[in-house]
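In case you want the letters, here they are:
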Amino acid sequence: MGLLLEKLMQSKHNMSEELHQSLLKKITDFGDEVNKLSLLVDIVNKQVEEEKEKERLLQEEQKRKAEEEEQKRKQQLQQQLQEPATPPSSLVSTELSSGHSNTGPQPTTWEDVLRLYNHQQDKLDALEKKLETLTNTKDSQLKDYRFTLQKAVSNAIATACSQSAEHLLGKVQLLSTLFNGGHVEVTGKKVSILRHSAAKDYVMNLFCKKVVHQALIEVSSHFKAAFPLSVVVMGVWSRFPEIGDLLMAHFQKACPILVPLKIPTSGVTESEYKQLLGYSAKNGELESEESYLKKMSGVINLFSAMLLCPPLIWGKPNPLGLSKGWTWIALVLNMDPMSSITATALLHFLEVAGFAMMRGFGSQFNKLIVLLANQYYAK
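Residues numbered from 1 in each chain as written. Predicted model: local features only at pLDDT ≥ 70, side-chain atom pairs only at ≥ 80, totals over all residues. Heavy atoms only, no water.

### Considerations on the confidence of the model for the protein chain
Any region with low pLDDT has predicted coordinates that should not be read closely. Note the threshold: Per-residue confidence from the predictor is reported as pLDDT, a score between 0 and 100. Contacts are assigned to residue pairs with any non-hydrogen atoms lying within 4.5 Å of each other.
A residue-level look at the protein chain finds 76% of positions with pLDDT of 70 or above and a mean pLDDT of 81. Here residues 80-89 scores under 50 on pLDDT; set against residues more than four positions off or in separate chains, the count is 15 contacts. Scored below 50 in pLDDT, residues 97-105 makes twelve contacts in the model with residues more than four places away or belonging to other chains.

Have a look at this one:
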């Protein structure tokens, strides 16, 4: 009996040892698997970081290329006026006879046009660079603030319609209050530009962008929308003269014929030439000519309506006026037509402003129309 008990104890000991060894092996194997998993995680993390770095470098490269293309575009636009673009004898003078005074300094030579255009575009580039502290912020509260400012401006522009004079004056008053640092209410929130040092420049630049966007999208489809929108635009401009250069910079960036610029055809591809004219490109594909001309017609219609806008009840003169229209059409007629955009621009300008120009300039404008029909049309 004692011998049997001793054997049982020995057997139990051997089983315990085997179990211990088995467990120890499993633990060791598990540790090896953990180490392998850790190595795998490190490899995956490294790959993720490498992909992030590749993405960052790709974005920087794309940004660099975009900046180079923009610089190239500006250089090409500047080239076209380095040589006189007018024939030896201009078809029509940009100067008005006595009795038709300008509301302000108007560029009357190609050198003046190029100088003013470059000055306005340089100011726009510098401003948008300055605004990156607000437009590219990562701060969530600042993002909400910017979004509220955006809604205040966007709503005022998008809802400007020919409902009544009081309705349009209300839009002008709201934007004026905002630009002057007062509080305006947007979807139950009150907002003011005084919270951030760049906010005033931001809302003024946004106003100009939204006006041009409305011309490209809404006015191009419903040309009568140009008239109530022009009242709001000129009401704001007359109260804030500093916005004028900024607004025209956005207009001319979207529609170069408004400068007017003679786009060079040498040294550029057809696609590059069209983009210099204002064609949009998406995924490497240019928009159709029909779409392009439709958008440009919206810009021309709004610009023409702005020339006609009366001072209304704020009593300040129109910052543009008909004299700006005379200067523009004279400069256009003194350069060769550019594809179909020149014809489209002249047609829409005359449809909107032709009657007022005839009434304002009489026989001078009548001679210009005869010249357009008999000489320029033949080109």
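### Structural notes on the pattern of salt bridges
Stated precisely, the cut-off is as follows: Only one rule defines a salt bridge in this text: a Lys or Arg side-chain nitrogen within 4 Å of an Asp or Glu carboxyl oxygen. Secondary structure is summarised from DSSP: a helix means a run of H or I of at least four residues, a strand means a run of E of at least two, and numbering begins at the N terminus for each. When a residue's accessible area, from a 1.4 Å probe over protein chains only, is under 20% of the maximum for its type it is buried; when over 50% it is exposed; and in between it is partly exposed.
Scanning the entire structure with this criterion turns up nine salt bridges. Note that glutamate 53 and arginine 56 form a salt bridge whose closest N and O atoms lie 2.5 Å from each other. Of this pair, glutamate 53 and arginine 56 both sit in helix α1 (residues 2-79), three residues apart, which is roughly one turn of that helix. Exposure remark for arginine 56: the relative accessible area of 36% places this residue in the partly exposed category.

### Description of unusual backbone geometry
Residue proline 260 follows valine 259 across a cis peptide bond; omega there is -5 degrees. Relative to the helices and strands, proline 260 resides in the loop between α8 (243-254) and α9 (270-277). In this structure, asparagine 283 takes a positive phi of about 55 degrees despite not being glycine. Looking at the secondary structure, you find asparagine 283 in the loop between β3 (281-282) and β4 (285-286). By relative accessible area, which is 75% here, asparagine 283 ends up exposed.

### Quick look at the side chain of glutamate 287
Applicable threshold: Think of a polar contact as two N or O atoms within 3.5 Å of one another; within protein, one of them needs to be a possible hydrogen donor and the other a possible acceptor, and neighboring residues in sequence only count if both atoms come from side chains.
Tracing the backbone shows glutamate 287 in the loop between β4 and α10 (289-308). Separated by 2.8 Å, the side chain of glutamate 287 and the backbone nitrogen of serine 280 make a polar contact. When residues no more than four places from it in sequence are discounted, the contact partners of glutamate 287 are Gly278, Tyr279, Ser280, Tyr292 and Lys295.

### What to know about the packing of aromatic side chains
Stated formally: Pairing of aromatic rings covers Phe, Tyr and Trp, the last counted by its six-membered ring, and requires centre-to-centre distances within 6.5 Å; plane angles under 30 degrees mean stacked, over 60 mean edge-to-face, and any other angle means tilted.
Inspection of every chain in the model, using the stated rule, returns six aromatic pairs. Taken together, a centroid distance of 3.9 Å and an interplanar angle of 15 degrees make the contact between tyrosine 279 and tyrosine 292 stacked. Placement of the pair is tyrosine 279 in the loop between α9 and β3 and tyrosine 292 in helix α10, with a sequence separation of 13 residues. Comparing tyrosine 279 with tyrosine 292, the two get one shared label, buried. Three or more aromatic residues joined by ring pairs make a cluster, and in this case those are Phe179, Phe207 and Phe240.

### Examining the side chain of threonine 344
Relative to the helices and strands, threonine 344 is located in helix α12 (residues 341-361). Once residues lying within four places of it in the same chain are set aside, the contact partners of threonine 344 are Leu293 and Ser297.

### Brief notes about the nonpolar core
Nonpolar side chains in soluble globular proteins generally cluster together in the buried interior. Rules: For our purposes a nonpolar core is just a set of buried Ala, Val, Leu, Ile, Met, Phe, Trp, Tyr and Cys residues, chained together by side-chain atoms within 4.5 Å.
Within the largest apolar cluster, 98 residues are counted, with the highest numbers of intra-cluster contacts made by Phe179, Phe207 and Phe251. Take this core: its biggest share by element is twelve residues, from helix α6 (residues 199-219). The residues contacting phenylalanine 179, other than those within four sequence positions of it, are Ile193, Lys200, Val203, Met204, Phe207, Val236, Phe240 and Ile243.

### Some points on the packing of helix α11 (residues 322-333) against α12
What counts, and what does not: Here, axes are lines fitted to C-alpha atoms. For helices the fit covers the stretch in contact, and angles between N-to-C directions go from 0 to 180 degrees. Note on terminology: angles under 35 degrees are roughly parallel, angles over 145 are roughly antiparallel, angles of 65 to 115 are roughly perpendicular, and the others are oblique. Note: crossing handedness is left-handed where the near helix turns anticlockwise from the far helix by less than a right angle, and right-handed where it turns clockwise.
Packing of α11 against α12 brings their axes to within 10 Å, and their N-to-C directions diverge by 135 degrees. Regarding the angle of α11 to α12, the classification is oblique. When the axes of α11 and α12 are compared, the crossing they make is left-handed. Residue-level inspection shows Leu322, Ser323, Gly325, Trp326, Trp328, Ile329, Val332 and Leu333 of α11 in contact with α12, the latter providing Thr342, Ala345, Leu346, Phe349, Leu350, Ala356, Met357, Gly360 and Phe361.

### Some thoughts on the packing of α10 against α11
A packed helix pair is summarised by two numbers, namely the angle formed by the two axes and the spacing between the axes. Under the convention used in this document: Ten residue types, Ala, Val, Leu, Ile, Met, Phe, Trp, Tyr, Cys and Pro, are classed as nonpolar, four, Asp, Glu, Lys and Arg, as charged, and the remainder, Gly among them, as polar.
One can describe the packing of α10 onto α11 by two numbers: an axis separation of 7 Å at closest approach and a directional angle of 140 degrees. With respect to their mutual orientation, α10 and α11 come out oblique. Residues Phe303, Leu307 and Leu308 of α10 touch α11, and the partners they reach there are Leu322, Lys324 and Gly325. Residue composition of the contact of α10 with α11, grouped by class: four nonpolar, one polar and one charged.

### Some remarks on α9
Note the cut-off: By arc we mean the arc of the directions from the helix axis to the C-beta atoms, nothing more.
By the burial criterion, the buried members of α9 are Tyr273, Leu276 and Leu277. Across the axial projection of α9, the buried residues extend over an arc of 105 degrees, all falling on one side. At the exit of α9 stands glycine 278, carrying a positive phi of roughly 120 degrees.

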